[in-house]
Amino acid sequence: MEQNGDNFNKNKYWKLIRLILLIPVIIFIIGICLMSNNTVNKNVSVGLMIGGAILFAICSLILSIFKFAGLVKSAKKYNEYVDINSLDEKEEERLLKEAINSTSKNRELRNFRSMSLYLKAVKDAPRDTSLMAYLNLAVIVLFIACCIGFVAFSLSGLILIGFICLGVAFLSIIFLLLYHIIHKKMSNSPKNIDFSSISQATVISCTISDEGSMSMGATYNNTTKILSTTYLVYLDVCGEKKKAYSKTFYNKGDKVAVYMNKKLKDMVKIDER
């Protein structure tokens, strides 16, 4: 395993950007301090508090965009390196998981691995037009809208409506997680699988569906151990595009045998016996 590309998170300029984030925090604290000073106009202190909060949000957004761009660039270079050198992607995935489980404060490495697999899936996988894909998109849009609504209503003084928006945002994510769990269970349930009909399939791409892990330490700089991984495998089954959940990572072009799902027409089960 070799990671190509710039390591944005360890670049010295990130320390400077994080220091810049202290400016809106200081402005916000000054606003709070002035609230208790009777000689200062309350509008000034409130303005400093709101201005500091907005400035902090803007700076945080800019920082996140730069970090995300750096992550994408690094993952793209790594994927190109794997392609150029014709490396075994299954072995690379094993080595990345091994590196994560043997490294402390590994959030950057985890994000790097996830982005690498995601970019490969986007490049190789067919467009997903299933109900679950549209539902995922709708919930994400709803979540973002509710988060924006929470900030907007809170700054407008409509605290109750703001918290309602926040509640809807979290409920939408919980709903999506429950739907995903039920969908995966139906996809792998033996009673839904037609074992009398077996077909040959070719792997188109393979990416992470969900992962069981154990984390320790602060959220922004924690150490995570991967316990189990479920992959979403895109397949070409006799010219039709299907999907399957599997605990095994597959290389693009691998040949596998699959069973059809009687209830979910876009899902199959890979024969891994």
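Rules used in this analysis
- Residues numbered from 1 in each chain as written.
- Predicted model: local features only at pLDDT ≥ 70, side-chain atom pairs only at ≥ 80, totals over all residues.
- Heavy atoms only, no water.
- Helix = DSSP H or I, 4+ residues; strand = E, 2+ residues; numbered from the N terminus.
- Buried < 20%, exposed > 50% of the residue type's maximum accessible area, 1.4 Å probe, protein only.
- Contact = heavy atoms within 4.5 Å.
- Areas by Shrake-Rupley, 256 points an atom, 1.4 Å probe, with all protein chains shown as cover.
- 1 Å grid on protein atoms, 1.4 Å probe; cavity = no way out; pocket = protein on both sides within 12 Å on 5 of 7 lines; lining within 4 Å.
- Points joined across faces, edges and corners; volume = space filled by probe spheres on them.
- Phe/Tyr/Trp six-rings, centres within 6.5 Å; stacked < 30°, edge-to-face > 60°.
- Expected span 1.5 Å × (residues − 1).
- Pairing = 2+ DSSP bridges.
- Axes fitted to C-alpha atoms, helices over the stretch in contact; angles between N-to-C directions.
- Nonpolar A, V, L, I, M, F, W, Y, C, P; charged D, E, K, R; others polar.
- Patch = residues over 30% accessible without salt bridge, like charges linked within 9 Å, V, L, I, M, F, W, Y side chains within 5 Å.
- Salt bridge = Lys/Arg side-chain N within 4 Å of Asp/Glu carboxyl O.

Trainee: So what's going on with the overall build of the chain? Residues and values would help.
Mentor: Broken down by element type, the chain carries seven helices and five strands. Ordered by position from the N terminus, the helices and strands of the chain form the series α-α-α-α-α-α-α-β-β-β-β-β. A total of 273 residues make up the chain; the buried ones form 32% of that total. For the chain, the proportion of contacts with a sequence separation of at least 24, taken over those separated by at least 6, is 64%. Carbon and sulfur atoms form 66% of the exposed surface of the chain, whose accessible area is close to 16500 Å².

Trainee: So what's going on with empty space enclosed by the protein? Which residues, and what values?
Mentor: Under the criterion given, the structure shown has one cavity of 30 Å³ or more. For the largest cavity, the calculated volume is near 40 Å³. As for the largest cavity, its lining consists of Tyr78, Glu89, Glu92, Glu93, Leu96, Ser116, Leu117, Lys120 and Phe249. Those elements that place two or more of their residues in the lining of the largest cavity are helix H4 (89-101) and helix H5 (107-124).

Trainee: Can you tell me about the packing of aromatic side chains, naming the residues and giving the values?
Mentor: A complete count under the given rule lists four aromatic pairs for this structure. Between Tyr231 and Phe249 the ring centres are 5.3 Å apart and the planes differ by 75°, which places this aromatic pair in the edge-to-face class. On the criterion of sequence distance, the pair formed by Tyr231 in strand S2 (residues 223-237) and Phe249 in the loop between strand S3 (240-246) and strand S4 (255-261) is long-range, its members being 18 residues apart. Exposure remark for Phe249: the relative accessible area of 6% places this residue in the buried category.

Trainee: Run through helix H7 (residues 159-188), naming residues and quoting values.
Mentor: Spanning 30 residues, H7 covers 44 Å between terminal C-alpha atoms, matching the ideal 44 Å at 1.5 Å per step. By the burial criterion, the buried members of H7 are Gly162, Cys165, Ala169, Ser172, Leu176, His180, His183 and Ser187.

Trainee: Explain the side chain of Glu93 to me, and be specific about the residues and the numbers.
Mentor: Mapped onto the elements, Glu93 comes out in helix H4. For Glu93, a relative accessible area of 4% puts it in the buried group. When residues no more than four places from it in sequence are discounted, the contact partners of Glu93 are Arg113, Leu117, Tyr231 and Phe249.

Trainee: A description of the sheet that holds strand S1 (residues 193-216) should follow, citing residues and the corresponding values.
Mentor: Spatial ordering of the open sheet is given by S3-S2-S1-S4-S5, a layout of five strands whose pairing is antiparallel. Of all strands in the sheet, those with a lone pairing partner are S3 and strand S5 (268-270), marking the two edges. For this sheet, the mean inter-axis angle between neighbouring strands, taken without regard to orientation, is 40°. As judged from the seven bridges shared by S2 and S3, these two strands associate in the antiparallel manner.

Trainee: Give a description of the pairing of S1 that names residues and reports values.
Mentor: Examined bridge by bridge, S1 and S4 share seven bridges and lie antiparallel to one another. Residue Gln200 lies in a different strand from S4, and its bridge partner there is Ala257. Judged from the 14 bridges that link them, S1 and S2 form a sheet pairing that is antiparallel. Opposite Asp210, over in S2, you have Thr230 as the bridge partner.

Trainee: Describe the layout of surface pockets, naming the residues involved and giving the relevant values.
Mentor: Here the second largest pocket is characterised by a volume of approximately 300 Å³. What lines the second largest pocket is a set of 18 residues, among which Asn79, Asp83, Lys120, Lys123 and Asp124 lie closest to the centre. It is H5 that contributes the most residues to the lining of the second largest pocket, five residues altogether. Its residues assigned to classes, the lining of the second largest pocket shows seven nonpolar, three polar and eight charged.

Trainee: Tell me about a nonpolar patch on the surface, and name the residues and values.
Mentor: Where nonpolar side chains cluster on the molecular surface, the patch consists of Ile54, Ile58, Ile62 and Phe66 and spans about 360 Å² of accessible area. The residue Ile62 is located in helix H3 (residues 42-84) in this model. Take Ile62: its relative accessible area is 42%, and that puts it in the partly exposed class.

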